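# What the coordinates show
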Amino acid sequence: MARLDVTDAVARAEGYPHTVLSYVGPDGYPVNVALDFTTSGGSVVEVGPLDPHWRPEQRQDVELTFSHIHPQPGFGYDERRYVNLWGPAEAVGDHLRVTVRRASGWDEADTPFFEYAERGVPGGRTYLEELDARPRLSRAWTFFLATRLPFLTATLVPVGIGGVVAARDGVFHGVWFALALVAAISVHLGLNMANDLFDDASGADAANVTPTPFSGGSRVMQYGLVTRRAMVAGCVAFYVLAVGLGLFLAAERGWGLIAIGAAGVALSLAYSAPPLRLVTRGLGEPVTSLGFGPVMAVGTYYACSGRWSWHAVLASLPVALLIALVLYVNQVPDRAGDEAVGKRTLIVRWTPALVQKGYVGTVLAAFACIVAEAATGVTPWWTLIALAAAPFALRTIRGLRDHYDEPYALIPAMQANIALHLVTGLLFIAGYVIAVLG
Amino acid sequence: MCTVRVGGERRGSVAFRLCELHRGAVAEGRSKARASVEGRRAPCTVPPVTDADADLILPPAVRALLDVALVGELTVVDGHGRPVTYPLIPLSDGNLVYLTSSVLFSRKLRHIKANPKVCLSLSDPVAVPADPFHRVTIQGEARVVEDDLHAGWERLLPLWRAKEPSIDFFLKRRFGIPLFFERSVIELTARRILWWEDGRTSEEPRVFELTGAH
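The rules behind each value
Residues numbered from 1 in each chain as written. Chains lettered and ligands numbered in written order. Predicted model: local features only at pLDDT ≥ 70, side-chain atom pairs only at ≥ 80, totals over all residues. Heavy atoms only, no water. Axes fitted to C-alpha atoms, helices over the stretch in contact; angles between N-to-C directions. Helix = DSSP H or I, 4+ residues; strand = E, 2+ residues; numbered from the N terminus. Parallel < 35°, antiparallel > 145°, perpendicular 65-115°, else oblique. Left-handed = near helix turned anticlockwise from the far one by under 90°. Contact = heavy atoms within 4.5 Å. Buried < 20%, exposed > 50% of the residue type's maximum accessible area, 1.4 Å probe, protein only. Pairing = 2+ DSSP bridges. Nonpolar A, V, L, I, M, F, W, Y, C, P; charged D, E, K, R; others polar. Core = buried A, V, L, I, M, F, W, Y, C linked by side-chain atoms within 4.5 Å. Expected span 1.5 Å × (residues − 1). Bend = angle between axes of the 7 residues up to and from the residue. Patch = residues over 30% accessible without salt bridge, like charges linked within 9 Å, V, L, I, M, F, W, Y side chains within 5 Å. Areas by Shrake-Rupley, 256 points an atom, 1.4 Å probe, with all protein chains shown as cover. Salt bridge = Lys/Arg side-chain N within 4 Å of Asp/Glu carboxyl O. Polar contact = N/O pair within 3.5 Å; in protein donor to acceptor, adjacent residues only side chain to side chain.

### A word on the packing of helix 11 (residues 310-330) of chain A against helix 14 (residues 352-375) of chain A
Residue and element names in this part refer to chain A. Look at helix 11 against helix 14: their axes get within 8 Å of each other, and the N-to-C directions meet at 165°. Overall, the two elements helix 11 and helix 14 adopt an arrangement that is roughly antiparallel. Crossing of helix 11 over helix 14 shows left-handed handedness. Listed contacts from helix 14 to Leu314, Ala315, Leu317, Pro318, Leu321, Leu322, Leu325, Tyr328 and Val329 of helix 11 are Leu354, Val355, Gly358, Tyr359, Thr362, Val363, Ala365, Ala366, Cys369, Ile370 and Glu373.

### Regarding the pairing of strand 6 (residues 76-92) of chain A
All names here are of chain A. Within strand 6, 12 of the 17 residues are buried, which leaves it mostly tucked inside the rest of the structure. Sheet topology note: the strand 6/strand 8 (residues 102-107) ladder contains six bridges and is antiparallel. Bridge pairing in strand 8 places Val83 opposite Gly105. Of the strand pairs in this sheet, strand 6 and strand 7 (residues 95-99) are connected by four bridges, and their pairing is antiparallel. Directly across from Ala89, in strand 7, lies its bridge partner Val98. Between strand 6 and the antiparallel strand that follows it, strand 7, lie two residues; Gly93 among them carries a positive phi value of about 65°.

### Focus: the packing of helix 6 (residues 174-202) of chain A against helix 8 (residues 228-253) of chain A
Residue and element names in this part refer to chain A. Closest axis-to-axis distance for the helix 6/helix 8 pair is 8 Å, and the angle between their directions is 150°. The orientation of helix 6 with respect to helix 8, classified from their angle, is roughly antiparallel. Considering the relative orientation of helix 6 and helix 8, their crossing is left-handed. When the residues that make up the contact of helix 6 with helix 8 are grouped by side-chain class, the tally is 22 nonpolar, three polar and five charged.

### Observations concerning the nonpolar core
In this structure, A:Tyr359, B:Leu74 and B:Ile138 are the most contacted members of the largest nonpolar core, which totals 157 residues. Ignoring sequence-local partners within four residues, the contact set of B:Ile138 consists of B:Val62, B:Leu66, B:Val97, B:Val118, B:Cys119, B:Leu120, B:Leu188, B:Ala190, B:Arg192 and B:Ile193. Listed in part, the 28 residues of the second largest apolar core include A:Leu21, A:Leu64, A:Val100 and B:Trp196.

### Describing helix 11 of chain A
Side chains three or four residues apart in an α-helix point the same way, a direct result of the helix having 3.6 residues per turn. The first and last C-alpha atoms of helix 11 of chain A sit 30 Å apart over 21 residues, in line with the 30 Å expected at 1.5 Å per residue. At A:Leu317, helix 11 of chain A shows its maximal kink, close to 40°; a proline, A:Pro318, follows between one and four residues later.

### As for the side chain of B:His111
Along the polypeptide, B:His111 turns up in helix 4 (residues 107-114). Apart from the residues lying within four places of it in its own chain, the contact partners of B:His111 are B:Val76, B:Val77, B:Asp78, B:Gly79, B:Val84 and B:Tyr86.

### Focus: a nonpolar patch on the surface
On the surface, a nonpolar cluster with roughly 380 Å² of combined accessible area is contributed by A:Val243, A:Leu247, A:Trp255 and A:Ile258. In this structure, A:Leu247 sits in helix 8.

### Describing the interface of chain B and chain A
Contact with chain B, which involves 80 residues of that partner, is made by 72 residues of chain A. Taken together, the connections running from chain B to chain A amount to three salt bridges. Inspection of the chain B/chain A interface yields 23 residue pairs in polar contact (both at pLDDT 80 or more). Looking at the side of chain B that touches chain A, its residues break down into 40 nonpolar, 19 polar and 21 charged.

### Focus on the pairing of strand 5 (residues 83-88) of chain B
All names here are of chain B. Most of strand 5 is tucked away: six of the six residues are buried. What you see with strand 5 is no split at all: Pro83, Thr85 and Pro87 on one side and Val84, Tyr86 and Leu88 on the other are buried throughout. Looking at chain direction, strand 4 (residues 72-77) and strand 5 are connected through six bridges and run antiparallel. Following the sheet pairing, Thr75 is matched in strand 5 by Thr85. Remark: five residues form the turn of the hairpin made by strand 4 and strand 5, two consecutive strands paired antiparallel; Gly81 in that turn has positive phi of roughly 80°.

### Notes on helix 8 of chain A
All names here are of chain A. Helix length check: helix 8, at 26 residues, gives a terminal C-alpha distance of 37 Å against a target of 38 Å (1.5 Å per residue), a fit within 8%. Those residues of helix 8 that sit buried are Met231, Gly234, Cys235, Phe238, Tyr239, Ala242, Leu245, Leu249 and Ala250. The inward-facing, buried residues of helix 8 abut helix 4 (139-147), helix 6, helix 9 (256-272) and helix 10 (284-305). Gly254 occupies a position one or two residues after helix 8 and carries a positive phi of about 135°.

So this is what it looks like as structure tokens:
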């Protein structure tokens, strides 16, 4: 329950059909009696009629509770809200007049349940620590959350593009491709954990009380599921694996891979690590574009072929733009928390109207890229089937327009935006595969 | 569980939205809800209270109300001796009244540990769809059970599920809100029942000192 202004709370109470009077009886047990009520004077509530044997002492502190739910048979209930008022009570005939001194309450229409629960996390952690208890989750789920595994689609798509460009050039190699994929996945998972560590250190994740499945970080440290030390160990392990694989691939396929791999690791760290912390400077999107676009695609191509490819760079541009948009849209619900800790992303810097224009412009640029590359012969004509993913962009645009300030209502738009990147990328890859097989 | 405005009109809960996101279960949930609405949950039949009920742990009439109550008002006493009330789902096996509380909302648990004297009222005819409707306040001692915060409360799931079927949806996704499902159980042993026939609280309640509880 959150503290409410008394006048506001009494005004809210007027909408309820009855109240529950609570007071502590002479034997120490609380007494609850449901009663009718009227309000007057902004901070005065009169309740009754009340049986004279069951009333508090004169001037005794009492509580009035107003509670509402809407039953949903087969589901439970929703529309939960309640108001608590406290103050001294005086008998007036068979009624009580309560002068409200304090108030609190919750209305899930104002504060959605998930935000309400999130606001309780610090208190919950303290309570658990007092009991010497820790929240439990299976290792598999903890790993799934801590690494933010589902976001690997951001890696699979550009690596896949590097592979199919290599296949079209007749230089695809399954083993080298697989090793490049594992290295790219390792960097990505290390990056996810590093990002959580730095957002935890800066307070950005703690300040965010409206996390969603697609934003607000993994929260495994905020919830006490993983210690900071374990998170650091996991992060380092993934980077060590990535660097080790990169060095092996460079030794086997060509030292040019060192430059590409170093660029990838550097970008992933510079994104959130000091001193650069590029995401706080509004440069998160271009960094993400580079890392999850050309760097991964060319790195994969190089691992397969042992040489550089401008075709791989160009072919990765559409998905590079779209992955930047995934970050861009997912930062919309985070913006209050980000701003509070000085993480000045583009979303924090720009007005909602500009953010939406930026989204539309970037989507158009990505699709224009697909058309231009096919028209100029850089990519196969079949890659035009990727344009079929356009409806996902429309859903995202509508979501941004209608629910910009509603983190939970924005979830379908964020999901559609992730689907836009994934489906566009997979169709683009499919276009290459058809061209190669044809 | 919670509602949001979507497209300018109330289209359902966040739970429904998450269903839609994860498994397209929104349609399933709504069809279940529709089926139940069409059938309408039959109101319970509350037996009359008698003086013989004082020998029981919980009189049948009170149990009947508890069985259908979606929300009751649990009042505890804070460190200043003042009442603090929390709307919660009351559950009962016929002997004790159970409520659960996530560690996220632990203040009530601290109050109960410091002062176990509590009361629980069933007062809202919307949240207590009983026919005929009566109002009741159960006074007694509460005990906080938290030997196993992670799974100990799950023994109450059948009772909880009967009132809030959507809990299974959330429980399957406990990884998303793990602290919400670290829960203490509040066990309330009834000592005294205040009973207002037909909900008329302007009249003196019938009072039952429950000897069976001792």
